[in-house]
Amino acid sequence: MKLTETHLEGCFIIEPTVFGDDRGNFFESFNAQKFQELTGLNLVFVQDNQSFSQRGVLRGLHFQQGNYAQAKLVRVIKGKVLDVAVDIRPESNTFGQAFSIELSGENNKQLFVPRGFAHGFSVLENDTIFAYKCDNYYNKESESGIIFNDPSLNIDWRLNENEVLLSDKDKELKSLKELI
Ligand SMILES: Cc1cn([C@H]2C[C@H](O)[C@@H](COP(=O)(O)OP(=O)(O)O[C@H]3O[C@@H](C)C(=O)[C@@H](O)[C@H]3O)O2)c(=O)[nH]c1=O
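Under the annotation held in an unreviewed UniProt entry, the protein carries the name dTDP-4-dehydrorhamnose 3,5-epimerase and is attributed to Asprobacillus argus. Under the heading Subunit (unreviewed entry), UniProt records this for the protein: "Homodimer."

Asker: Mind laying out the site of the ligand, listing which residues take part and the relevant values?
Answerer: As a matter of local geometry, the ligand sits amid Asn49, Ser51, Arg59, Gly60, His62, Lys72, His119, Gly120, Phe121, Tyr138, Ser167 and Lys169. Contributing elements (two or more residues each) for the shell around the ligand: β5 (47–53), β6 (58–64) and β11 (117–123). Class assignment of the residues belonging to the shell around the ligand gives a composition of two nonpolar, seven polar and three charged.

Asker: Tell me about the pairing of strand β7 (residues 72–78), residues and numbers included.
Answerer: Remark: a regular strand shows side chains that alternate across the two faces of the sheet. Judged by how many residues are buried, β7 sits mostly within the fold: five of seven residues are covered. Where β7 meets strand β10 (residues 110–113), four bridges bridge the pair, whose relative direction is antiparallel. Looking at β10, one finds that Lys72 is bridged to Val113.

Asker: So what's going on with unusual backbone geometry? Residues and values would help.
Answerer: Backbone torsion omega between Gly60 and Leu61 reads 0°, so that peptide bond is classified as cis. Mapped onto the fold, Leu61 is located in strand β6. The backbone phi angle of Asn108 is positive, close to 55°, even though this residue is not glycine. Tracing the sequence through the fold places Asn108 in the loop between β9 (98–104) and β10.

Asker: Describe the sheet that holds β11, with residues and values.
Answerer: Strand order in this open sheet of five strands is β9-β8-β11-β6-β13, and the pairing throughout is antiparallel. Every interior strand has two partners, whereas the edge strands, β9 and β13 (143–145), have only one. Direction aside, neighbouring strands of the sheet carry axes that sit 30° apart on average. Sheet analysis places β6 next to β11, joined by three bridges and oriented antiparallel. What sits directly across from Leu58, in β11, is Ser122.

Asker: Describe in detail the environment of Asn126, supporting the description with residues and values.
Answerer: Looking at the element boundaries, Asn126 is found in the loop between β11 and β12 (128–134). Taking the C-alpha atoms as reference points, Asn126 and Val81, 45 residues apart in sequence, are found 10.0 Å from one another. Sequence-distant contacts of Asn126, defined by excluding residues within four places in its chain, comprise Gln54 and Arg55.

Asker: Outline the nonpolar core, supporting the account with residue identities and numerical values.
Answerer: Ranked by internal contacts, the top residues of the largest apolar core, which has 32 residues, are Val81, Val84, Ala85, Val86, Val113 and Phe117. Taken together, the elements giving at least two residues each to this core come down to β6, β7, β8 (80–87), β9, β10, β11 and β12. Broken down by element, the residue count for this core peaks at five residues, all from β8.

Thresholds, definitions, all that
- Residues numbered from 1 in each chain as written.
- Predicted model: local features only at pLDDT ≥ 70, side-chain atom pairs only at ≥ 80, totals over all residues.
- UniProt positions renumbered as here; feature names shortened; annotations may be inferred.
- Near = placed C-beta within 6 Å.
- Helix = DSSP H or I, 4+ residues; strand = E, 2+ residues; numbered from the N terminus.
- Nonpolar A, V, L, I, M, F, W, Y, C, P; charged D, E, K, R; others polar.
- Buried ≥ 20, exposed ≤ 12 C-beta atoms within 10 Å, placed from the backbone.
- Pairing = 2+ DSSP bridges.
- Axes fitted to C-alpha atoms, helices over the stretch in contact; angles between N-to-C directions.
- Contact = placed C-beta atoms within 7 Å.
- Core = buried A, V, L, I, M, F, W, Y, C linked by C-beta atoms within 7 Å.

Right under this line is the structure:
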């Protein structure tokens, strides 16, 4: 298991050790002890989520507010996404900056998105299964988000404009500037 820092403090990439053999492969997708040793974080993941999407789906950028803020450990089981974390911690030197990474069922990379970040992903392949662990429960009333094409973030989602499929909720999201 390997950890690589990103330019956003507290947001990092985790690559599990994959054991391949004639049958295929095996890896520990999560190990609490190793995660704590590697990251120095003492958090407890309390909810596991999974979504299934076709190419063109864009989910995000989402976060929960206040006491319901969530850290997320995200990965792709099958297919491919461009995963994006945006630092919206008001006191941060990198406030308003985004980090993007391709996560796939082939590279098995995971992204740790700390509390205080907005998170989203665009789906680059059909039949993509996305899975993630959260350190706080879902709370509908605390849901918030930033519109995916916020000009101040200037994120290249690697989709054609006419293929982007958003939920009704995500179409109504505001820009970061409007939120603060
Ligand atoms: C996120 C979530 C949704 N739901 C329900 C609400 C709704 O009826 C249905 C679909 O919810 P959404 O449209 O919000 O799903 P989705 O757009 O996939 O939301 C997710 O997007 C990614 C980018 C994240 O980072 C996640 O934290 C989460 O916000 O599932 C839960 O029951 N528990 C949950 O934890």
